[in-house]
Amino acid sequence: MKDNRRDFIKKSASLAAAISMAGLNACSSKSNATSIEEGKEPTSQADLAGMAKDAGMEFSLSIRTVDSKRVPFARQMGVNGVVTSLRPENPLLAGLKPWEPKAIKTVKEAWDKTGMKWNVVEGPPTLGEQTKLGLAGRDEEIANFIAFMKNLKEIAGVNVICYNWMPVISWARTQMDRPGRGGALVTAFDYEDVKNKPLTEFGAFTKEALWKNLEYFLKAVVPEAEKIGMNLSLHPDDPQVDSIQGVPRIMNTVENFDRMLKIMPNKYSGLTMCQGNFSLMGTDIPALIRRWGKAGKINFVHFRNVQDLSGKLPSTKFTETFHDEGQIDMYAAMQAYYDIGFKGAIRPDHVPTMYGETNERPGYMDLGTLYAIGYMRALAESVSKTKVKA
Amino acid sequence: MKENRRDFIIKSTALAALSVAGLSGCSESRSKENEKRAGLKSVGATSQVEWPVTFGEGMPKLCVLADRDASLAEMRKLKQLGVDYVLVNGPKMPWTEKGLREIMDRFKPEGLTVINMMIGGFPNTVYGREGRDEEIKLLQDSIRAAGVAGLPVIEYNFYAHRLMEGYYEVKARGGAGTTAFDYERGKDAPHDPALGTPQTAESLWNNLTYLVKAIIPVAEKAGVRMAMHPNDPPIPVSHGHAQILATFNDWKRLLAIVDSPANGMTYDCGVVRELGEDPIEVLRYMGARDRINHMHYRNVTVEKPYVKYQEVFFDEGQVNLFAVMQEVFQQGYQFGLYPEHPRELDYDREHTGGTVMQPGGIKYPGGGGYAAQAYNVAYAKAMMQAVVSANGTGAKV
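Model, not experiment: these values are computed from the prediction. (Residues numbered from 1 in each chain as written. Chains lettered and ligands numbered in written order. Predicted model: local features only at pLDDT ≥ 70, side-chain atom pairs only at ≥ 80, totals over all residues.)

Undergrad: What's the story with the overall build of chain A in this structure? I'm lost.
TA: If you tally the helices and strands in chain A, you get 13 helices and 14 strands. Here the contacts in chain A between residues at least 6 apart in sequence split such that 73% fall between residues at least 24 apart. (Helix = DSSP H or I, 4+ residues; strand = E, 2+ residues; numbered from the N terminus. Contact = placed C-beta atoms within 7 Å.)

Undergrad: Before we go on, may I ask you to explain the overall build of chain B in this structure?
TA: Looking only at helices and strands, one finds 13 helices and 14 strands in chain B. Going through the 397 residues of chain B one by one, you find that 60% of them count as buried. Considering only contacts within chain B whose residues lie at least 6 apart along the sequence, 78% involve residues at least 24 apart. (Buried ≥ 20, exposed ≤ 12 C-beta atoms within 10 Å, placed from the backbone.)

Undergrad: What's the story with the sheet that holds strand 6 (residues 185-190) of chain A in this structure? I'm lost.
TA: Think of a sheet as strands paired side by side through backbone hydrogen bonds, with each pair either parallel or antiparallel. Residue and element names in this part refer to chain A. Across the sheet, which stays open at both edges, the four strands sit in the order 5-6-13-12 with antiparallel pairing between neighbours. Strands with a single pairing partner mark the edges of an open sheet, and in this sheet they are strand 5 (175-179) and strand 12 (306-308). The sheet shows a mean angle of 35° between the axes of neighbouring strands, taken without regard to direction. Examined bridge by bridge, strand 5 and strand 6 share three bridges and lie antiparallel to one another. Its bridge partner being in strand 6, Q175 is matched across the sheet by A188. (Pairing = 2+ DSSP bridges. Axes fitted to C-alpha atoms, helices over the stretch in contact; angles between N-to-C directions.)

Undergrad: I keep staring at the pairing of strand 4 (residues 153-156) of chain B and nothing clicks. Help me out?
TA: Regular strands place side chains that alternate from one sheet face to the opposite one. All names here are of chain B. Residues of strand 4 alternate between two faces, with V153 and E155 on one and I154 and Y156 on the opposite face, all of them buried. Sheet analysis places strand 3 (residues 113-118) next to strand 4, joined by three bridges and oriented parallel. Paired with M118 across the bridge in strand 4 is E155. Strand direction decides the pairing type here: strand 4 and strand 7 (residues 225-228), joined by four bridges, are parallel. In the strand pairing of strand 7, E155 is matched with A227.

Undergrad: What is the right way to read the sheet that holds strand 11 (residues 292-297) of chain B from this model?
TA: Residue and element names in this part refer to chain B. Strand order in the closed barrel formed by eight strands is 1-2-3-4-7-10-11-14, with parallel pairing between adjacent strands. Here the average twist between neighbouring strands, direction ignored, is 30°. Of the strand pairs in this sheet, strand 2 (residues 85-89) and strand 3 are connected by five bridges, and their pairing is parallel. Looking across to strand 3, one finds that L87 is bridged to N116.

Undergrad: Hey, could you run me through the interface of chain B and chain A in this one?
TA: How big an interface is tends to be stated in terms of accessible area lost as the parts join. Counting residues at the interface gives 45 residues for chain B and 47 residues for chain A. Tallying contributions element by element places helix 13 (residues 370-391) of chain B first for the side of chain B that touches chain A, with 13 residues. For the side of chain B that touches chain A, the residue count by class is 23 nonpolar, 14 polar and eight charged. (Nonpolar A, V, L, I, M, F, W, Y, C, P; charged D, E, K, R; others polar.)

Undergrad: Even after reading the chapter, I still don't get helix 4 (residues 97-107) of chain B, so can you show me in this structure?
TA: Given 3.6 residues to a turn, an α-helix orients residues that are three or four positions apart in the same direction. Residue and element names in this part refer to chain B. Among the residues of helix 4, those classed as buried are L100, I103, M104 and F107. Here the buried residues of helix 4 occupy an arc of 90° about the axis, which is enough to place them on one side. Away from its buried face by more than 90 degrees, helix 4 exposes K98 and D105. Summarising the contacts, the buried residues of helix 4 are in contact with helix 3 (72-79), strand 2, strand 3 and helix 6 (132-149). (Arc of directions from axis to C-beta.)

Undergrad: In this structure, what is going on with the nonpolar core? I would like to understand it.
TA: For soluble globular proteins, nonpolar side chains are generally found buried alongside one another. In this structure, L379(A), V86(B), I154(B) and M383(B) are the most contacted members of the largest nonpolar core, which totals 211 residues. Sort the elements by how many residues they give to this core and helix 13 of chain B lands first, with 16 residues. With sequence-adjacent residues up to four places away left out, L379(A) is seen in contact with M330(A), Y331(A), M334(A), A382(B) and A386(B). (Core = buried A, V, L, I, M, F, W, Y, C linked by C-beta atoms within 7 Å.)

Undergrad: Help me understand the environment of D339(A) in this model?
TA: Residue and element names in this part refer to chain A. Here D339 is to be found in helix 12 (residues 330-339). Looking at D339, the number of C-beta atoms within 10 Å reads 24, which means it is buried. When the C-alpha positions of D339 and V383 are compared, they lie 9.0 Å apart, and in sequence the two are 44 residues distant.

Undergrad: What am I meant to see in the pairing of strand 13 (residues 317-320) of chain A here?
TA: Residue and element names in this part refer to chain A. Sheet analysis places strand 6 next to strand 13, joined by three bridges and oriented antiparallel. Opposite F189, over in strand 13, you have F318 as the bridge partner. Judged from the three bridges that link them, strand 12 and strand 13 form a sheet pairing that is antiparallel. Opposite V306, over in strand 13, you have E320 as the bridge partner.

Undergrad: Would you mind going over the packing of helix 12 of chain A against helix 13 (residues 366-384) of chain A with me for this structure?
TA: The relative placement of two packed helices is expressed as an angle between their axes plus a distance between the axes. All names here are of chain A. Running from N to C, helix 12 and helix 13 point in directions that differ by 60°, and their axes come no closer than 9 Å. Classified by the angle their axes make, helix 12 and helix 13 are oblique. In the packing of helix 12 onto helix 13, the handedness of the crossing is right-handed. Residues M330, Y331, M334, Q335 and Y338 of helix 12 form the contact with helix 13, whose participating residues are L379, A380, S382, V383 and S384. The class makeup of the residues in the contact of helix 12 with helix 13 is seven nonpolar, three polar and no charged. (Parallel < 35°, antiparallel > 145°, perpendicular 65-115°, else oblique. Left-handed = near helix turned anticlockwise from the far one by under 90°.)

Undergrad: Honestly, the packing of helix 11 (residues 285-294) of chain A against helix 12 of chain A in this entry has me stumped. Any pointers?
TA: Residues and elements named next belong to chain A. Two elements in contact, helix 11 and helix 12, have axes separated by 8 Å at closest approach and are oriented at 10°. By the angle class used here, helix 11 and helix 12 are roughly parallel. Contacts between helix 11 and helix 12 involve I285, P286, I289, R290 and G293 on the former and, on the latter, A332, A333, A336 and Y337. In the contact of helix 11 with helix 12, the residues fall into seven nonpolar, one polar and one charged.

Undergrad: Just to check I follow, could you spell out the environment of G174(B) for this structure?
TA: For G174(B), the position within the fold is in the loop between strand 5 (167-171) and strand 6 (177-182). Once the C-alpha coordinates of G174(B) and L345(B) are considered, the two residues, 171 residues apart in sequence, prove to be 8.9 Å apart.

Undergrad: Would you mind showing me how to read helix 3 of chain B here?
TA: Along helix 3 of chain B, the residues classified as buried are M75(B), R76(B), K77(B), L78(B) and K79(B). Those residues of helix 3 of chain B that are buried are in contact with strand 1 (61-66), strand 2 and helix 4 of chain B.

Undergrad: Honestly, the confidence of the model for chain B in this entry has me stumped. Any pointers?
TA: Interpreting fine coordinate detail is not advised for predicted regions of low pLDDT. All names here are of chain B. Overall, the prediction assigns chain B a mean pLDDT of 88, with 87% of residues at 70 or greater. Under a pLDDT of 50 for its full length, residues 1-47 has, in the predicted model, 148 contacts with residues more than four places off or in other chains. Here the predicted complex scores 0.89 on pTM and 0.88 on ipTM. (pLDDT = per-residue confidence, 0-100.)

Undergrad: Looking at this structure, I do not really get unusual backbone geometry. What am I missing?
TA: Residues apart from glycine generally show negative phi values, whereas peptide bonds are mostly found in trans. Residues and elements named next belong to chain A. Residues D238 and P239 are joined by a peptide bond in cis, for which omega reads 5°. In this fold, P239 is placed in the loop between strand 7 (231-235) and strand 8 (243-244). L313 connects to P314 through a cis peptide bond whose omega is 0°. Within the secondary structure layout, P314 lies in the loop between strand 12 and strand 13.

Undergrad: How should the confidence of the model for chain A be read in this particular structure?
TA: Looking at chain A, pLDDT values average 88 and 86% of them are 70 or higher. Contacts of residues 1-42 of chain A to residues separated by more than four positions or lying in other chains number 60 contacts, the stretch itself having pLDDT below 50.

Pasting the structure below:
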C-alpha cells in the first residue's frame, strides 16, 4: 500500500488537531504508538517472526469462570486475554463482596494459574438500578464502585472496566434463533415486536433523568478513576433504539457519546467500541474508530458484525451475522485500530450458533467463536504484514 | 466417505476434466480485464469496497472438501463456513455425464458449486504395467464426461508409494495437535512386495509422461483443467520407490511435458515451503504460465527442507499467508482455494469420540476436524476480503 503507516502518522498529526473535540486531550491516547513512529516496517522473514502477535492487540474471550472449558479452548486458539466479571454465583466469591480485596485477589490468583491474562471487567458489580435510576442507595453503590476500581487495579492490575447505561432492560433481542447462513442460528431484534409491550415496574421516565444520573455518576467516579488509573469504558446501548417499555435509551447515538465524553473530559473516561451498535446507529465504523481513537477514547473493542433489516439507519430491525457477512467494513475497521496504535483487549463478542451445537448460550457458542478468532487473526495479520515477503 | 483422500493418493495415477460457465476454459488464458481487476491499486488506509465483500469470477473460489454423497445437513454444515464451492472425491471410473451431474446438482440448491473432483484408481499406469491403456481409456472417458457436465477442474496425483510413516503428532499451544514429519522415521522402510518392483525415477517419469500425453489433449478439448497434486511429503524415496513430483524442478518438468493450461498443478504453499522454496516465486512461476488449477492454503514450519518439518496453525508458520493471498489475486487465479489440514483441537476430540478425522475422512497424527476447519476457513476468507479491500476492487465495483 502506498499509504503506509508512517505516512499515516505524519498526516495524522494535523488530522488529530482538526478532529479533537473541545475538552478532550487529543494527545493523551493510552495507546502505545512508539513502534509506528519509529517508522520501521518489517520486510524480511526474520522480521515476520519477530512481529507482535495479532498486530499488538490483546485477543480476548469472555469467560465466566476459571474452570470453564473455554480456558483450554482459548489457549488452543492462541487467545490469552480474559474478559470477565465477579459474578455472585462464582463459588470463589462465596461470602465475599465482589469489590473486597479478598474477592479480587482470589479471582486474580485463579486466573494467573491458568496462564491467561485477566484484562477487562465487563459488567461490573455495584453499578445497578440505584445509580442508573438515581434511587436511594446510589451513593453507597458508587462508593463500592470506587472501592472496586481501586482494588481491581491495585490487586489484579486490571485497568479497563466496561459498563453500560441500560437500566432495567439491558441487552435485548426479539429472536434468539433466527436461521442464518446454512441454518446457523443468530440473534435478531425488531422494534415492532416490543413497541406495544407494557411499562416495567419502574414506570416511565425521561431521557433527561438518565442523563442527570449519568452525570452524577461520572462526576463522582471519573476523578477517582484518574487517581487509580482505571479506564472507564462505556458500552453503547444494545439495541440502540429510542426506548423499550418506557425505559429510554441515551447511549444510542454517536452525538450522545460525544456529549457524554464532555461531561467529565478526562483520559480515563472513555468507551467500548462495540462495532455492531455503533454501525446500527448509522455511522461509518472505520472513521469513528479513527476519530475516537485519536482522542484516546477507545479502551476496549467488541469486534463484531451486524446487518440492518429495516432498510434505514438508525436501525430498528437487525440481525447479527457471521463476522465475514455483515454491513461493517471489517478490514478497514481492523486497519483503523492498527493505525491508531490500539494495543488493548479486543474480543469477537457475539457469534452464530453452528452445526451440532445447542443454542444454550446464544452468541457465545464454541464453533462460531473459533470462526471469529480465525477471521480476526487473519485481518490483524493482513494489516500488519503488508510489507513482509512470503 | 467411501473413497477418502488417502485412498485417492494410493490408488491414484489419473485424472479427468470439465469446465463451467464463467470459468475460463483451458484454451484461453486469463483476460487482461481480469489481470487489471486483480491488480494491486494503491489506496488509502480505508478500503473502498462495499461490504459484505463478494468475490468476482476472476477471483479465487474458497472451497472445502465435501463427501460426494453429503446429506443436506452436511451440506449446510459446510455452508455455514461461508463457502460457495466444494471439492469432492470423484466416483469410481469411468465417470459419466449423468453420474457427475447427479453429484453436482445435489449441491446446487444449497448454494454450493462443485469446483473440483479428485480422480484415482490407475495403479497400472503409475507402475507402467499391463492394463494401463485400459485405465487411461477410463480416464479419458471420465475427462470427457466432466467436460460435458461442466466440471472445471480434476485433481489427481502420482505416487508409487506415499510415506505415511514419517508423520507424527507434536503437541502445540494449549495441547492442540500439530502434524510433524521426519523422513528419518521412514527412510529405510522396506518396500512392499505386493507393490511390485520398486520404481525408479526414470521409469516413473516414463510412465507419467505416457499418461500426461494421453490425457492432456483430451482435457484441453473437453475444456477441463487437470491439477496434479505435488508429492507430499516431498521426500526422494518411499519404501524403495522414487518420488518424482517432490521438487520445484520436478514440477517444472511436469508442466513442460505438454504445454497447455490443462496440464496444471495444485499449488500448495505449505508444500512449497516444505521444499525450502519461496512460495511467492513458485506462485509467480506457475501463475505466469496459467498452470495453477487448484490451490491448497496452509502453513508450515520447516527445520530441514524435504526432511523435517511441522504443519502448524495458519497463524504461526513460516509462510506469510497474506503475501500469498495477495499474489494469488494478483495472478488473477480463479479456481478453488482450499484451506487445508486443520489442527487437532479439544473440541473435535470431544465431539468425535477421540479419533479426530480430518475433512474427507483421513486420519493424520495431530490433524483436526470441523471445529479447527472453521478456524482455517474463516482465516482464509478474511485474507481474501483483506486483499479485495486493500485493492479496492470488490466484485460489486
